[in-house]
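Listed below are the residues making up each chain.
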Amino acid sequence: MTGATSERLQRWGLMVPALGALAFVLIYPLLTSLWLSLHRFILVFDERKFVGVDQYAFLLTDARFWSALGNTVYFTAVALCLEVVIGLGLAMLMNQPFRGQGLLRAAVLVPWAIPTVVSAKLWAWLFHPELGWLVPEGANWLGSPTQAMHAAITVDVWKTSPFVALLLLAGLQGISEDVYQAARLDGASALRIFRSITLPMLAPVLGVTALMRALDAFRVFDAIYVLTEGGPANTTETLSIYTYKTLMRAGDFGYGSTLAIATFICAALLTALGAGLMNRRRR
Amino acid sequence: MSWVRSLLALAAVVFCVGPLVIQALVSVDPESDLGSRFPDRPTVEAYLTVLADPNFLRALWNSLLVATLTTVASVGLGGMAAFALAKLRIPGRAPILAATLAVSMLPPVATVSPIFLALRAMGLRDLAPGLVLPYTSFALPLALWLLTAFFAELPDELFQAARMDGCSPLQTLRHVFIPLAGPGVASTALLVFVFAWNEFLFALTLTSSPSQRTVPVAISLFTTGQKEPFAEVAAASVLVTLPLILLTLAFQRRIVAGLTAGAVKA
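Small disclaimer: the values here were computed from a predicted structure and weren't measured. (Residues numbered from 1 in each chain as written. Chains lettered and ligands numbered in written order. Predicted model: local features only at pLDDT ≥ 70, side-chain atom pairs only at ≥ 80, totals over all residues.)

J.: Report on the overall build of chain A, specifying residues and quantitative values.
T.: Assigned secondary structure in chain A consists of 13 helices and two strands. Taken over C-alpha atoms, the radius of gyration comes to 24 Å for chain A, far larger than the 19 Å a tight globule of 283 residues would show. With the C-alpha coordinates aligned to their principal axes, the bounding extent of chain A is approximately 80 × 75 × 35 Å. Sequence-distant contacts in chain A: of pairs separated by 6 or more residues, those separated by 24 or more amount to 70%. (Helix = DSSP H or I, 4+ residues; strand = E, 2+ residues; numbered from the N terminus. Rg over C-alpha atoms; globule rule 2.2 N^0.38 Å. Contact = placed C-beta atoms within 7 Å.)

J.: Now, about the environment of glycine 18 of chain B: what can you tell me, with residues and values included?
T.: With respect to the helices and strands, glycine 18 of chain B occurs in helix H1 (residues 2-27). It is 33 Å that separates the C-alpha atoms of glycine 18 of chain B and alanine 128 of chain B, two residues lying 110 residues apart in sequence.

J.: Describe the confidence of the model for chain B, listing the residues and the values that go with them.
T.: Residues and elements named next belong to chain B. On average, residues of chain B score 85 in pLDDT, and 92% of them reach the 70 mark or higher. Summarising per-element confidence for chain B, the mean pLDDT is lowest in helix H13 (residues 252-265) (77) and highest in helix H10 (residues 201-206) (94). With pTM at 0.91, the complex prediction returns an ipTM value of 0.89. (pLDDT = per-residue confidence, 0-100.)

J.: Explain the environment of phenylalanine 264 of chain A residue by residue, including any values.
T.: One can find phenylalanine 264 of chain A in helix H13 (residues 253-282). Taking the C-alpha atoms as reference points, phenylalanine 264 of chain A and leucine 239 of chain A, separated by 25 residues in sequence, lie 9.9 Å from one another. For phenylalanine 264 of chain A, the residues in contact, after removing those within four places along its chain, are Leu30 of chain A together with Leu106, Pro107 and Ala110 of chain B.

J.: Give me the nonpolar core: which residues, what numbers.
T.: Counting residues in hydrophobic clusters, the biggest one holds 167 residues, and the most contacted among them are Ala152, Leu168 and Leu227 of chain A together with Ala81 of chain B. Sorting elements by how many residues they give to this core places helix H8 (residues 148-173) of chain A first, with 16 residues. Apart from residues no more than four positions distant in its own chain, alanine 81 of chain B is found in contact with Leu14, Met15 and Ala18 of chain A together with Leu144 of chain B. (Core = buried A, V, L, I, M, F, W, Y, C linked by C-beta atoms within 7 Å. Buried ≥ 20, exposed ≤ 12 C-beta atoms within 10 Å, placed from the backbone.)

J.: Just give me the short version of the pairing of strand E1 (residues 39-42) of chain A, but keep the residues and values in it.
T.: It is a general feature of regular strands that their side chains alternate between the two faces of the sheet. Residues and elements named next belong to chain A. Pairing of E1 with strand E2 (residues 47-50), which is carried by four bridges, proceeds in the antiparallel orientation. Counted as the bridge partner of isoleucine 42 is glutamate 47 from E2. Connecting E1 to the next strand, E2, in antiparallel fashion are four residues, including aspartate 46 with a positive phi near 50°. (Pairing = 2+ DSSP bridges.)

J.: I'd love a proper account of helix H12 (residues 239-249) of chain A, names of residues and values included.
T.: Residues and elements named next belong to chain A. Taking burial as the measure, the 11 residues of H12 include 10 buried ones, the bulk of the element. Looking only at H12, the buried set comprises Leu239, Ser240, Ile241, Tyr242, Thr243, Tyr244, Lys245, Thr246, Leu247 and Met248. Glycine 251 lies just past H12 and shows a positive phi near 65°.

Below is the structure:
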């Protein structure tokens, strides 16, 4: 074997294991889900029947799917707005010198490090109708069709705002102090500095962070599953929860896969929308 | 003005840490359902109950094993590929990085049923170590991106010098790049470990026996008898969270570096 051939082999040898593992979670599942979504396939009977696009036609008329999509969009939109506002506030606070800055920078890592399942349990306790510290005596937020979703959003906001803050803080630290000094010399007000310097210079990091969070919130599963399992009356059922229940509770791998593909398409559209918005800003 | 900041910061610290502190109070107060908010007679009873539960101990062991194996596999495979992407001229570098990004945006639930069928076919379903395969695949994009960024920061001359001295690419990676990018490798390993320790959806789907559960699944299904065992759940929560928080605080700078590397450098 010549040196050059062995070089090339080594080069690809380094890549192949990682590429194989990625194919295992990207190409193989998507193709399999697509194929399963065209079949009637109940796991326990282990019997497959080709039904074409029937299940997709059913999906379009499935009120539970549309309600899950609506719940997911609502959860994502409200959680994302709150997380960006709280995260930005925390980041700007952490970017200032004050006594106890180190303590705050350590404390924001706590919600990030706590497993989502545990954080849902923490909040389930705080929301408990009789014992909870946060709810008025006797109010059952987790059992209320109008409040349960907001309880789930609270858990997500608590868990991930600090993460948003850390990313935005890194962005703020990248803005040179000279720019601020120049603006202050020119007599710009704090609000003016925030609008004309901080926000535009933070925009790229803010965009990436918001897109990452939006995608994460869109596939929310853990927090809602532990808090309410999608209840009461499916009012907190998101796409991930509905898909999971159809696949693993009902054992319907056919229609469950149709829902999985629909969830995938929605997430892909969200990504495209986010990336498109960011590119337009950049121009 | 400085005291206003300190006051705001105090509120922020309470917001971040408060729920966990309350849970710690609940865990030492088995009679917390009687209405008093602060434990009058704190006891460690709930901790003893939890630590005497063989299924919970098994779950701790499963989580530790799965998270460790996932970390080793992701950093190993990711490191090799990242090195090739950062320093060897690999054709199709951009599409490969784009594909890894696509994986990280995939809703996990969209891949649950095929992975379930694949692990069942391999005889790995309902075995905790079977989780290492999907976990490694899902952690790879993160490991690959971070390590590529960290390796790219090291000068090309290092690579050329090692080659002149007769090192193969694999030797260069092992003896030159991994040691020099040590802090970056540590950041990556910590983030992967935390991801694997906390993962819930796949652990819930791919295991069913109590002896194969990981910690998040065990906690989500924690019940003894009819009454919800608040003190026990709280004790278990504190037990599985504390090591993670200590790890995070001990490696605070490394973790923040890892978390921000992706968003800020992109």
